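Close look at the chain arrangement
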Amino acid sequence: TILDVVLDNELNFESFGVCEGTVSCSTCHVIFEDGVYSLLEEPLMDEMDMLDLACGLTETSRLGCQVY
Ligand code: FES
């Protein structure tokens, strides 16, 4: 996942992925370009519910811990 990439590479995005991928926060919110977003699998209901709480939600928002 994108969260794994951030953690494995010790990238310093403050507070990114606080719940460690348990879909109980929205700190891993990422926004994709349209062309990339269209290539992704559909989000599951848990992700959709948590995305509703994300700050700055867009049509191409996803949770980084759920995107492979
Ligand atoms: Fe918390 Fe993705 S890390 S929902």
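Preceding block: the structure.
Let me sum up the structure you'll find in this document. (Residues numbered from 1 in each chain as written. Predicted model: local features only at pLDDT ≥ 70, side-chain atom pairs only at ≥ 80, totals over all residues. Heavy atoms only, no water.)

Quick look at the overall build of the protein
Regarding its fold elements, the protein presents three helices and two strands. Along the protein, helices (α) and strands (β) appear in the sequence α-β-α-α-β when read from the amino end. Relative to the 2.2 N^0.38 estimate, which gives 11 Å for 68 residues, the radius of gyration of the protein is 11 Å and therefore close to what a compact globule would have. Each principal axis of the C-alpha distribution contributes one length, and for the protein these read about 30 × 25 × 20 Å. Across the protein, contacts joining residues at least 24 apart in sequence account for 59% of those joining residues at least 6 apart. For the protein, the exposed surface amounts to about 4800 Å²; the carbon and sulfur share of it is 52%. (Helix = DSSP H or I, 4+ residues; strand = E, 2+ residues; numbered from the N terminus. Rg over C-alpha atoms; globule rule 2.2 N^0.38 Å. Contact = heavy atoms within 4.5 Å. Areas by Shrake-Rupley, 256 points an atom, 1.4 Å probe, with all protein chains shown as cover.)

Regarding the side chain of Thr60
Checked against the element boundaries, Thr60 lands in the loop between helix 3 (45-51) and strand 2 (61-63). A polar contact is formed between the side chain of Thr60 and the backbone oxygen of Phe32, at a distance of 2.7 Å. Beyond its immediate chain neighbours, meaning those up to four positions away, Thr60 contacts Val30, Ile31, Phe32, Asp34 and Tyr37. (Polar contact = N/O pair within 3.5 Å; in protein donor to acceptor, adjacent residues only side chain to side chain.)

Comments concerning the pattern of salt bridges
The full count for this structure, using the stated rule, is one salt bridge. With a shortest N-O distance of 2.7 Å, Glu47 and Arg62 are connected by a salt bridge. Residue Glu47 is located in helix 3, and its partner Arg62 is located in strand 2; the two are separated by 15 residues in the primary sequence. Residue Glu47 is classed as buried on the basis of its relative accessible area, which comes to 3%. (Salt bridge = Lys/Arg side-chain N within 4 Å of Asp/Glu carboxyl O. Buried < 20%, exposed > 50% of the residue type's maximum accessible area, 1.4 Å probe, protein only.)

Description of the packing of aromatic side chains
Enumeration over the complete set of coordinates arrives at one aromatic pair. For the pair Phe13 and Phe16, a centre-to-centre distance of 6.0 Å together with 55° between the ring planes defines the contact as tilted. Judged by its relative accessible area of 48%, Phe13 is partly exposed. You can call Phe16 buried: its relative accessible area is 16%. (Phe/Tyr/Trp six-rings, centres within 6.5 Å; stacked < 30°, edge-to-face > 60°.)

Here's the deal with unusual backbone geometry
Despite not being glycine, Glu10 has its phi angle at roughly 50°, a positive value. Mapping Glu10 onto the fold places it in the loop between helix 1 (2-8) and strand 1 (29-31). Given the relative accessible area of 71%, Glu10 is considered exposed.

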